[in-house]
Amino acid sequence: MPFTVEHIPEDVVTNGVLSRYSAYAKDRYYPLSSKWVADHERNARMAIVSRVGGASGPYDGTTETDGFALFWHDHVIGVYANPLPTSCPPSGPEMNWRVHRLQLPDIFQARRDEVLDLIREAFRAVGQFFNGERFAAVNVQFDLPGLED
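Treat the numbers as computed from the prediction; the structure is a model and nothing was measured.

Cut-offs applied
Residue numbers run consecutively from 1 along every chain, following the written order of its sequence. Two thresholds apply to this predicted model, a pLDDT of at least 70 for residue-level local features and 80 or more for giving and counting side-chain atom pairs, whereas whole-chain, interface and lining totals are computed over all residues. The side-chain quantities take in all heavy atoms of the structure and omit both hydrogens and water. Note on conventions: DSSP H or I runs of at least 4 residues are helices, E runs of at least 2 residues are strands, and numbering of each starts at the N terminus. The contact criterion used is simple: two residues touch if any of their non-hydrogen atoms lie within 4.5 Å. Shrake-Rupley sampling with a 1.4 Å probe provides the accessible areas, and residues are treated as covered by the protein chains on show and by no other component. Nine residue types can take part in a nonpolar core, namely buried Ala, Val, Leu, Ile, Met, Phe, Trp, Tyr and Cys, and a core is a set of them joined through side-chain atoms within 4.5 Å. Type-normalised accessible area, obtained with a 1.4 Å probe on protein chains alone, sets the label of each residue: buried when under 20%, exposed when over 50%, and partly exposed for intermediate values. Salt bridges are counted wherever a side-chain nitrogen of Lys or Arg sits within 4 Å of a carboxyl oxygen of Asp or Glu. Two strands pair if DSSP finds at least two bridges between them. To define axes, lines are fitted to C-alpha atoms, for helices over the stretch in contact only, and angles between the resulting N-to-C directions are given on a 0 to 180 degree scale. Classification of ring pairs uses Phe, Tyr and Trp, with its six-membered ring standing for Trp, and accepts pairs whose centres are within 6.5 Å; under 30 degrees between planes counts as stacked, over 60 as edge-to-face, and the remaining range as tilted. Here a polar contact is taken to be a pair of N or O atoms separated by no more than 3.5 Å, where protein atoms must pair a possible hydrogen donor with a possible acceptor and residues adjacent in sequence count only if both atoms sit in side chains.

## Structural notes on the overall build of the chain
Thought 1: Scanning the chain from terminus to terminus reveals two helices and seven strands.
Thought 2: Listed by position from the N terminus, the elements making up the chain come as β-α-β-β-β-β-β-α-β.
Thought 3: Contacts in the chain between residues far apart in sequence, at least 24 positions, make up 52% of those at least 6 positions apart.
Thought 4: Here the chain has roughly 8,600 Å² of accessible surface; of this, 50% comes from carbon and sulfur atoms.

Here you go:
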């Protein structure tokens, strides 16, 4: 089953895996996002947990970096990506991302290609419902040390 966009269950924010991230802390007026992408068959979920740069606060005007937590088999994979400008070929608008940092637990080092495929699929689901728009395609570029894309 592919990733789908879902509302994050309240207990996941208050007591679960997202409760440890400041973006979902109880003292914030609202979480960074009330939705995540989930693939129940593969026990995988991905949520945005941070946003730095762009037009946000003291980093106004710098390159925006979004931090995501990919929860997979009771482990957390940190994914840091820059949203790139949307492209508009004749086939329809395309969302573009550059993943430049990956915090990959040792248990997944031998499965790195599988993890990268999972990240691509998760971002494609994000593109199905991002800022209320639907994108014809989502392109994910990996700019990681030691990785030929």
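From this point, the discussion proceeds with the structure in view.
## Some points on the nonpolar core
Thought 1: With 43 residues, the main nonpolar core has L18, Y24, I77, I119 and F123 as its most contacted residues.
Thought 2: For this core, the secondary structure elements donating two or more residues are helix 1 (10–14), strand 2 (35–39), strand 3 (44–54), strand 4 (62–72), strand 5 (75–87), strand 6 (94–103), helix 2 (112–128) and strand 7 (137–142).
Thought 3: Ignoring sequence-local partners within four residues, the contact set of I77 consists of F68, A69, L70, W72, L102, Q103, L104, P105, F108 and V115.

## Quick notes on the pattern of salt bridges
Thought 1: Taken as a whole and assessed by the stated rule, the structure comprises seven salt bridges.
Thought 2: Ionic pairing is found between R111 and E114, a salt bridge with its closest N-O pair at 3.0 Å.
Thought 3: Assessed through its relative accessible area of 33%, R111 is described here as partly exposed.
Thought 4: The network of salt bridges with shared partners includes D39, R42 and E121.

## Observations concerning the pairing of strand 6
Thought 1: Relative to strand 6, strand 5 is paired through eight bridges, and the arrangement is antiparallel. Bridge pairing in strand 6 places V79 opposite L102.
Thought 2: Taking the residues between adjacent antiparallel strands as the criterion, strand 5 and strand 6 are bridged by six residues, where G92 takes a positive phi near 130°.
Thought 3: Strand direction decides the pairing type here: strand 6 and strand 7, joined by six bridges, are parallel. From the neighbouring strand, W97 faces strand 7, where its bridge partner is V140.

## Remarks on the sheet that holds strand 7
Thought 1: The mixed open sheet is built from seven strands, whose spatial order is 1-2-3-4-5-6-7. Edge positions in the open sheet fall to strand 1 (4–7) and strand 7, since each of these has one partner strand only. Strand-to-strand twist across the sheet, computed as the mean angle between neighbouring axes with direction ignored, equals 35°.
Thought 2: Note that strand 2 and strand 3 share three bridges and pair antiparallel. If you follow D39 over to strand 3, its bridge partner there is A44.

## Quick look at the packing of aromatic side chains
Thought 1: In total, this model carries five aromatic pairs according to the counting rule given.
Thought 2: Ring centres of F68 and W97 lie 5.6 Å apart, and the angle between their planes is 80°; this geometry places the pair in the edge-to-face category. Remark: W97 occurs in strand 6 and F68 occurs in strand 4; sequence separation between them is 29 residues. Take F68 and W97: they sit in the same class, and that class is buried.

## Section: the environment of E6
Thought 1: Topologically, E6 is positioned in strand 1.
Thought 2: Excluding its chain neighbours within four sequence positions, the residues that come into contact with E6 are S34, K35, W36, A38 and H40.
Thought 3: Within polar-contact distance, the side chain of E6 engages the side chain of H40 at 2.6 Å.

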